[in-house]
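The residues making up each chain are set out below.
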Amino acid sequence: MLYADPCAAVAHAFPNDAAHTAMQAIRHFDGARKAAGPQDRVENVRAAALDFRKTMLAGAKVRYYESFDLVKVPYPSYYGLRNAFSREHWVQYVNITNRLFVCQFDTAEGTRTLLISPSDYERNRATPFFKRLSDKNPKLIERFVFKPLDTVENVLQRIGLKPEDVDYITYDHLHTQDVRRWLGSADAPGYFPNAKLIVHRQEWDSALSLTPIQRDWYCPDGIAGIPEDRVIFVEGDVMLGDGVAMIHTPGHTEGNHSMVVHTGEGLWVTSENGICVESFAPLRSAIPGVADYARATGVEVILNGNTLENSIDQYISMVQEKTIAGPSQRNPDYPNVFPSSELTANPLFPGARPTFAVTHARHGQLQKR
């Protein structure tokens, strides 16, 4: 069974929103991280992830799922690939593409529309790290590195969704995010009149009480003034409806979660724990130094670590993600993970070209209201 006690699970997962009875807690990973030894925790989580994968694959698929490129941004290579990127081919930055994912799924209450990572990149640029970078090199950043590709509003209009059609928005974590345009604040109404933010309770609490090493990556006032009735707080792992789950994957941030979506290509697993698919299969990487580092150290995954809130937890979470995902149907040498911010080739950053990239995924047919 996927759920232990559905009624109690809903009350625990959504203490501020009893109306969302279609959402139910997942119990597969309960206690999996309790062992004293870190590698024991890795193996316990891996076993639970295999069991959860079987359960998800036996269930229904989502109605619709598609990715859309929003913006290309610079990102320090030392953060994105940690110690694995070869110093002989060292470049200070790599390019990553931030994407929006549109997902529709069935629930007992009807079909729901979810936006995953709807970034407001104009406001997000106020994030302290990126603001400093832009202030130091404005012409270089604007002309060659920071590349707007699309907007959330344009994407939705193009595929035939109205603002009032969106039921939920979510982010794997709140780094760089300003959600006020979407949900509104004391100063202005939100663009999405009906949407609610689904967020892990710990991620929300962290964003309200940041240490200096965290503050550099959170957009100032990004959640300020958001009405609490526009937020659904999640604790643990949650099934949102048919074919879509939120799995708590702490480490990159304390409240980080990963989206698991069942499609015709299997289970897509999305977060920013790793910036490229080969971060989850480093022995298969042609990026200079990555495979050598994996062979020398024995690591299974390469962390995206700009804050390193808990690197052991993040390592476990990435093993969890790649195990849930299983092998890619496009190339079984790699797991079926789809980073929410994916490494993208840029001639300014030689050597930092992904060996294998997803770039785009689509499943099913969008249902218009």
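Residues numbered from 1 in each chain as written. Predicted model: local features only at pLDDT ≥ 70, side-chain atom pairs only at ≥ 80, totals over all residues. Heavy atoms only, no water.

Caption draft 1: Quick look at the nonpolar core. Grouped together as the largest cluster of nonpolar side chains are 55 residues, with contacts concentrated most on Val102, Leu115, Leu156, Ile169 and Phe192. The element best represented in this core is strand 2 (residues 64-76), accounting for 6 residues. In contact with leucine 115, other than residues within four places in its own chain, are Leu100, Phe101, Val102, Val152, Leu156, Val166, Tyr168, Ile169, Thr170 and Phe192. Core analysis: the second largest hydrophobic core is formed by 51 residues, Ile26, Val238, Leu267 and Val337 among them. (Core = buried A, V, L, I, M, F, W, Y, C linked by side-chain atoms within 4.5 Å. Buried < 20%, exposed > 50% of the residue type's maximum accessible area, 1.4 Å probe, protein only. Helix = DSSP H or I, 4+ residues; strand = E, 2+ residues; numbered from the N terminus. Contact = heavy atoms within 4.5 Å.)

Caption draft 2: Representation of the sheet that holds strand 11 (residues 257-263) within the structure. Pairing within the open sheet is antiparallel, and its 5 strands lie in the order 1-9-10-11-12. The outermost strands of the open sheet, each flanked by one partner alone, are strand 1 (24-26) and strand 12 (266-270). Between one strand axis and the next, the sheet turns through 25° on average, direction left out of account. As defined by bridge partners, strand 9 (residues 237-241) adjoins strand 10 (residues 244-248) across 3 bridges and the pair is classed as antiparallel. Each bridged residue has a counterpart across the sheet, and for valine 238 the counterpart in strand 10 is methionine 246. Taken strand by strand, helix 12 (residues 311-325) contacts strand 10, strand 11 and strand 12, and its axis lies near 155° from that of strand 12. (Pairing = 2+ DSSP bridges. Axes fitted to C-alpha atoms, helices over the stretch in contact; angles between N-to-C directions.)

Caption draft 3: Representation of the pairing of strand 7 (residues 196-200) within the structure. Strand 7 sits mainly inside the fold: 4 of its 5 residues count as buried. Where strand 6 (residues 168-170) lies against strand 7, 3 bridges are found, and the strand directions are parallel. Paired with threonine 170 across the bridge in strand 7 is isoleucine 198. One ladder, built from 4 bridges, connects strand 7 with strand 8 (residues 231-234); its direction is parallel. Across the sheet, residue valine 199 finds its bridge partner in strand 8, namely phenylalanine 233.

Caption draft 4: Expanded view of the layout of surface pockets. Estimates place the volume of the largest pocket at around 350 Å³. Looking at the largest pocket, it is lined by 17 residues, and the ones nearest its centre are Phe29, Asp30, Gly31, Arg33 and His248. (1 Å grid on protein atoms, 1.4 Å probe; cavity = no way out; pocket = protein on both sides within 12 Å on 5 of 7 lines; lining within 4 Å. Points joined across faces, edges and corners; volume = space filled by probe spheres on them.)

Caption draft 5: Representation of the pattern of salt bridges in the model. A complete count under the given rule lists 21 salt bridges for this structure. Glutamate 66 serves as the salt-bridge partner of arginine 362, at 3.7 Å between the closest nitrogen and oxygen. Placement of the pair is arginine 362 in strand 14 (residues 362-364) and glutamate 66 in strand 2, with a sequence separation of 296 residues. Residue classification places arginine 362 among the partly exposed positions, given a relative accessible area of 47%. Of the charged contacts, one joins aspartate 135 and lysine 131 as a salt bridge, the two residues approaching to 3.1 Å between their closest N and O atoms. On the criterion of helical spacing, the pair formed by aspartate 135 and lysine 131 is a turn pair, its members being 4 residues apart in helix 5 (residues 128-136). Salt bridges sharing common partners tie together Glu43, Arg46, Glu300 and Lys322. (Salt bridge = Lys/Arg side-chain N within 4 Å of Asp/Glu carboxyl O.)

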